[in-house]
Amino acid sequence: MSDQHTNTSTTAPGERLIPIPGQTIGPFYGFALPYPGGENLVDRSHPDAVRLHGTVYDGHGDPVPDSMLEIWQADAQGRVSQEPGSLVRDGYTFTGFGRVAVDNVGHYDFTTVNPGATEDGKAAFITMTVFARGLLNRLFTRIYLPEDQAALDQDPVLSSLDPQRRRTLIAQREEDGSLRFDIHLQGDGETVFLSYPNHRLDHSA
Amino acid sequence: MAEPVVSSDAAANSQAEISADMQEIQRSYAASGVLETQPRIDYPPYRSSILRHPTKDLHHADPETIELWAPAFGQRDVHALEADLTIQGGGEPSGERMTVRGRVLDGDGRPVRNQLVEIWQANAAGRYIHKRDQHPAPIDPNFTGVGRCLTDADGNYSFTTIKPGPYPWKNHHNAWRPAHIHFSLFGTDFTQRMITQMYFPGDPLFDLDPIYQAIMDPKARERLVANYDHDASEHEWSLGYTWDIVLTGSHRTPTEDHTDV
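Residues numbered from 1 in each chain as written. Chains lettered and ligands numbered in written order. Predicted model: local features only at pLDDT ≥ 70, side-chain atom pairs only at ≥ 80, totals over all residues. Heavy atoms only, no water.

Trainee: Mind showing me how you'd approach the overall build of chain B here?
Mentor: Regarding its fold elements, chain B presents 2 helices and 12 strands. The C-alpha radius of gyration computed for chain B amounts to 20 Å, which stays within 12% of the reference 18 Å derived for 261 residues, consistent with globular compactness. Counting only C-alpha atoms and orienting by the principal axes, one finds that chain B spans roughly 55 × 50 × 35 Å. In chain B, which comprises 261 residues, the share counted as buried stands at 57%. Total accessible area on chain B stands at roughly 11,000 Å², and carbon and sulfur atoms take up 52% of it. The averaged location of the 37 negative side-chain charges in chain B is 4 Å from the averaged location of its 23 positive side-chain charges. (Helix = DSSP H or I, 4+ residues; strand = E, 2+ residues; numbered from the N terminus. Rg over C-alpha atoms; globule rule 2.2 N^0.38 Å. Buried < 20%, exposed > 50% of the residue type's maximum accessible area, 1.4 Å probe, protein only. Areas by Shrake-Rupley, 256 points an atom, 1.4 Å probe, with all protein chains shown as cover. Lys, Arg positive; Asp, Glu negative; His and termini not counted. Charge placed at Lys NZ, Arg CZ, Asp CG, Glu CD.)

Trainee: When you look at the UniProt feature "domain: Intradiol ring-cleavage dioxygenases" (unreviewed entry) in chain A in this model, what are you seeing that I'm missing?
Mentor: Within this numbering scheme, the UniProt entry marks residues 50-186 of chain A as carrying the feature "domain: Intradiol ring-cleavage dioxygenases" (unreviewed entry). Here residues 50-186 of chain A is 10% helix and 33% strand, with 28 Å between the C-alpha atoms at its ends. (UniProt positions renumbered as here; feature names shortened; annotations may be inferred.)

Trainee: Quick question: what am I supposed to make of the nonpolar core here?
Mentor: Most often, soluble globular proteins keep nonpolar side chains buried together rather than apart. Membership of the largest hydrophobic core comes to 46 residues, with the highest contact counts inside it found for Val100, Tyr157, Phe159, Phe183, Trp243 and Ile245 of chain B. Elements supplying a minimum of two residues to this core: α1 (15-32), β2 (97-105), β3 (116-121), β5 (156-162), β8 (180-185) and β9 (194-199) of chain B. If you tally residues by element for this core, the top one is α1 of chain B, at 4 residues. Not counting chain neighbours up to four residues away, the residues in contact with Val100 of chain B comprise Tyr157, Ser158, Phe159, Phe183, Met198, Tyr241 and Trp243 of chain B. Counting residues in hydrophobic clusters, the runner-up holds 30 residues, among them Tyr108, Val113, Ala124 and Leu179 of chain A. (Core = buried A, V, L, I, M, F, W, Y, C linked by side-chain atoms within 4.5 Å. Contact = heavy atoms within 4.5 Å.)

Trainee: How do you make sense of the pattern of salt bridges when you look at a structure like this?
Mentor: When their charged atoms lie close together, side chains carrying opposite charge are able to pair. For the coordinates displayed, the defined rule picks out 23 salt bridges over all chains. Note that Arg173 of chain A and Glu147 of chain A form a salt bridge whose closest N and O atoms lie 2.7 Å from each other. In this pair, Arg173 of chain A sits in strand β7 (residues 172-173) while Glu147 of chain A sits in the loop between β6 (139-144) and α1 (149-154), placing the two residues 26 residues apart along the sequence. Note on Arg173 of chain A: relative accessible area 29%, which makes it partly exposed. For Glu147 of chain A, a relative accessible area of 47% corresponds to the partly exposed category. Connected via shared salt-bridge partners are Glu119, Lys122 and Arg142 of chain A together with Glu64 and Glu67 of chain B. (Salt bridge = Lys/Arg side-chain N within 4 Å of Asp/Glu carboxyl O.)

Trainee: Can you help me understand the pairing of β2 of chain B in this one?
Mentor: Two faces belong to every sheet, and in a regular strand the side chains alternate between them. Residues and elements named next belong to chain B. By the criterion of burial, β2 is predominantly enclosed, with 7 of the 9 residues buried. Here β2 pairs with strand β11 (residues 239-242) via 4 bridges, running parallel. Looking across to β11, one finds that Arg101 is bridged to Thr242. As paired strands, β2 and strand β12 (residues 245-246) are joined by 2 bridges and run parallel to one another. Bridge assignment links Val104 to a residue of β12, and that residue is Ile245. (Pairing = 2+ DSSP bridges.)

Trainee: Looking at this structure, how should I read the side chain of Thr112 of chain A?
Mentor: Residue and element names in this part refer to chain A. Of note, Thr112 is situated in strand β4 (residues 107-112). One polar contact links Thr112 to Gln73, side chain to side chain, over a distance of 2.7 Å. Setting aside residues no more than four positions away along its own chain, Thr112 makes contact with Leu41, Val42, Asp48, Ala49, Val50, Leu52, Gln73 and Phe94. (Polar contact = N/O pair within 3.5 Å; in protein donor to acceptor, adjacent residues only side chain to side chain.)

Trainee: Sorry if this is basic, but what is going on with the interface of chain B and chain A here?
Mentor: A common measure of how large an interface is: the accessible area buried when the components associate. Facing 88 residues of chain B, the contacting portion of chain A comprises 87 residues. For the pair chain B and chain A, the summed buried area comes to about 8,100 Å², and 59% of that belongs to carbon and sulfur atoms. When residues of chain B are sorted by the area they lose upon contact with chain A, Arg52, His59 and Ile66 of chain B head the list and together hold 11% of the total. If you look at where chain B meets chain A, you find 8 salt bridges. The shortest N-O distance in the salt bridge between Glu67 of chain B and Arg142 of chain A comes to 2.6 Å. Put simply, chain B and chain A have 44 residue pairs in polar contact (both at pLDDT 80 or more) between them. Put simply, the parts of the chain that give the side of chain B that touches chain A at least two residues each are β1 (59-60), β3, β4 (146-150), β8, β9, α2 (218-222) and β12 of chain B. Residue composition of the side of chain B that touches chain A, by class: 41 nonpolar, 27 polar and 20 charged. Here strand β10 (residues 194-195) of chain A runs beside β1 of chain B; their pairing, made up of 2 bridges, is parallel. Bridging from a neighbouring strand, Ser195 of chain A pairs with His60 of chain B of β1 of chain B. (Buried area = accessible area lost by both parts, 1.4 Å probe. Nonpolar A, V, L, I, M, F, W, Y, C, P; charged D, E, K, R; others polar.)

Trainee: Explain the confidence of the model for chain B here, please?
Mentor: Note: predicted coordinates in regions of low pLDDT should not be interpreted at a detailed level. Summary statistics for chain B give a mean pLDDT of 93 and a share of 93% for residues scoring 70 or more. Here the predicted complex scores 0.94 on pTM and 0.94 on ipTM. (pLDDT = per-residue confidence, 0-100.)

Trainee: Please clarify how the packing of aromatic side chains should be interpreted in this entry.
Mentor: Two aromatic rings, taken as a pair, are described by how far apart their centres are and by the angle between their planes. In this structure the tally under the stated criterion is 21 aromatic pairs over all chains. Geometrically, the ring pair formed by Phe125 of chain A and Tyr144 of chain A is tilted, given 5.3 Å between the ring centres and 55 degrees between the ring planes. One end of the pair, Phe125 of chain A, is in strand β5 (residues 125-132); the other, Tyr144 of chain A, is in strand β6, and 19 residues separate them in sequence. The pair Phe125 of chain A / Tyr144 of chain A is uniform in exposure class, with both members buried. For the pair Tyr46 of chain B and Trp169 of chain B, a centre-to-centre distance of 5.7 Å together with 55 degrees between the ring planes defines the contact as tilted. Here Tyr46 of chain B is found in the loop between α1 and β1, whereas its partner Trp169 of chain B is found in strand β6 (residues 167-169), with 123 residues between them in sequence. (Phe/Tyr/Trp six-rings, centres within 6.5 Å; stacked < 30°, edge-to-face > 60°.)

Next up, the structure:
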């Protein structure tokens, strides 16, 4: 086997580097990563404010009290923000990024807006990363809005899943307009977690 | 191999039992002929992983617009002094002053510019500022163990801190984590998001640690170990470590960096 790493300073143009491994977030991120206002992509008083909430469960169906979640999404018009200010919110700028630590019963709340579709006819979704003590690497998933059935039917990820698994990626709209999205790390109703093309280089012979 | 576990904090097994499990997994990995450079998420020697890993394969997705971009962070978000963890209290923290610096690169070797790097760690005695950490080692009133910085235009980051101590945990009886600094990283697209741990060279706890050993490929494990770099040490001041970080490849072509969104 050739020596494929680690001296990045001698990398030739075009050569793919092997990514470093992930590790668990562990139990002690609470004093470091969550920050005031992290869960509020918009203020609750914003006219289009939507509550996105749910619970993280383990393989026994018990809530996971030490998980951290991040979301990243377009604004209501489907625009991708490149504005800084996610860590120190000014209350006006939509940055599209949110971070929250679940509470003692595994529940989380974000305040955000319904994302618009980023391309005409595409299904609108929020992308999410899941971190937890006991989870050795981060997980990616998508939170689809439930309304646009035609777009959902044409979505390449959703249409490649059987109906039972597909349901795990579609948020439920509650009566008050909130979005409900539970995360099942394992077991009944296990959430579909995603890998992207450049992740597959992680496991090549 | 994975007998029922009462609680992930039960500390029911001995190090010898955990080590035997880890060696058995490593043996079967070596026989498989497959290269695995990321940790297994299903790794029973790390007890709290047992109920917290998906059992179904990750589902392939081609990234779409939002996933091809990452959040932007700037000087509004991060003050330059947050990169120095030794000046956050009223006085000097205890322990071995050190710097760690390196570059954040994507899988194509391109620097990740002006992007957020967050770290957190135990103090020199191996104690975190966290309610869950109640082991009898002193809290340092001059050390929070939290830092942030933005990479520069060449992807460089740098932190000044105190070398963290190893600490006990309850995975099994007499379990100790190798000393480490947690790193949280963003790339230029969200699919590159990751959290990992940086370790120190020559740590005698490596072979005993199920979090480190969950990475099957030995060379991949070594990518998490910083280098001691004497040129980065400063006379009568601090010891220097260097550690380069390679993220997965961006899915966005470089020309897209200049399109309006």
